[in-house]
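Structural description and commentary
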There are 2 protein chains.
Amino acid sequence: MANTSNFFAKNKSVILYGVFLAALLFLLKWLELRFMIIDHAFEIYAGSIAVIFTTLGIWLALKLTRPKTILIEKEIFTGKPETFILNEKELTKLNISKRELEVLQLMSAGLSNQEIALKLFVSLNTIKTHNARLFEKLEVKRRTQAIETAKRLSIIP
Amino acid sequence: MANTSNFFAKNKSVILYGVFLAALLFLLKWLELRFMIIDHAFEIYAGSIAVIFTTLGIWLALKLTRPKTILIEKEIFTGKPETFILNEKELTKLNISKRELEVLQLMSAGLSNQEIALKLFVSLNTIKTHNARLFEKLEVKRRTQAIETAKRLSIIP
DNA sequence: TGAAAAATCACCCTAAAGTATGAGGGTTAA
DNA sequence: TTAACCCTCATACTTTAGGGTGATTTTTCA
């Protein structure tokens, strides 16, 4: 029952095409009769067929061709962007120097003072001095606090 | 100069159509000649026209019609979500206990071991033990590394 | 109920982090 | 040019962090 109506629905275009074709054949037979009388009727008849069937072809193609579906993935941002934007205002407000920022970044990456010193080609004492200045400027006591505060202020990613 | 070749390129379909139409007319004339001889040739001629022009119509429609596209926008969420989602899989994979996670969170908040001990009403030694287990499980050496790794794995915000 | 896992704590020791102070050299802008 | 930074380094000291080991209690789960 459901299948029957389903069949009609699915083949609606084909059925319509069949009906239309039958109508066309009827029209053609009618034209054939007239063609006996009118002068140059053959050309008119051929032209009519051409026009009708071209139209039919176009209609068929448009009706029966499945529209192509193109899936476009749309990016919707839902939170902090992956690309870090440095908060320069806060940086100048806190008066943090380039070198200090560098140390801060390596600090947040989990490096020890000794590792930072080696990476920046300076002594351990120098890093300790930078740290002390950083903690003072960020108003913190420990490196873990410094990292937390700096991240919160978007000074580091 | 560039415009000329551009013109041909852009109207290629139309030009092709014109050429094809000329060829068709030639074919029709040839068929017209034959139609004088063969019996029932008129029906064949008409049928030929019908078939040819139906094909032509379909071809035209497919060639000249812009492909119908249905745009389906799929939302892709980018960026770290503002609302932290705990990566429980990683948590169970690393076998990190509730208490250890608690310590880890306070650690990343910048608290010292002593402060964490006071906050959780346990001794400093206990916190140190938790830390040692955490570092072992996270495969790190320092608390700053632990914080970095844990954040990267979405174990802590 | 009994073993495993989790949580707790202690002691000792070393390593790293942090504080305080001083100081020399380089750049920059008033 | 001089004051104000910035970067550098040192020395001495204190505090905190971390490693190793062992032990007790609680919880959990098969």
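Up top is the structure.
About the thresholds
Residues numbered from 1 in each chain as written. Chains lettered and ligands numbered in written order. Predicted model: local features only at pLDDT ≥ 70, side-chain atom pairs only at ≥ 80, totals over all residues. Heavy atoms only, no water. Near = heavy atom within 4 Å. Polar contact = N/O pair within 3.5 Å; in protein donor to acceptor, adjacent residues only side chain to side chain. Helix = DSSP H or I, 4+ residues; strand = E, 2+ residues; numbered from the N terminus. Nonpolar A, V, L, I, M, F, W, Y, C, P; charged D, E, K, R; others polar. Buried < 20%, exposed > 50% of the residue type's maximum accessible area, 1.4 Å probe, protein only. Contact = heavy atoms within 4.5 Å.

1. Some points on the protein's contact with DNA strand C
Taken together, 19 residues lie around DNA strand C, and Arg143(A), Ser97(B), Arg99(B), Val122(B) and Ser123(B) are the ones closest in. Counting only the atoms of DNA strand C within 4 Å of the protein, the fraction contributed by sugar and phosphate is 68%. Contact between DNA strand C and Lys128(A): a base oxygen at 2.8 Å from a side-chain N or O atom of the residue. In this structure, Arg99(B) approaches DNA strand C through a side-chain N or O atom, which is 2.8 Å from a phosphate oxygen. With 4 residues, the single largest contributor to the surface near DNA strand C is helix α7 (residues 124-138) of chain B. Counted by class, the surface near DNA strand C contains 2 nonpolar, 10 polar and 7 charged residues.

2. Section: the protein's contact with DNA strand D
Looking at DNA strand D, there are 18 residues lining it, with Ser97(A), Arg99(A), Ser123(A), Asn125(A) and Arg143(B) nearest. Here a phosphate oxygen of DNA strand D sits 3.0 Å away from a polar atom, N or O, in the main chain of Asn113(B). Among the elements of the structure, α5 (98-108) and α7 (124-138) of chain A together with α7 of chain B are those that each provide at least two residues to the surface near DNA strand D. In terms of residue count, the dominant contributor to the surface near DNA strand D is α7(A) (4 residues). Tallied by class, the residues present in the surface near DNA strand D amount to 2 nonpolar, 10 polar and 6 charged.

3. Topic: the side chain of Gln145(A)
Note that Gln145(A) resides in helix α8 (residues 143-152). The class of Gln145(A) is buried, set by a relative accessible area of 19%. When near neighbours in sequence (up to four residues on either side) are disregarded, Gln145(A) contacts Val140(A), Ala109(B) and Gly110(B).

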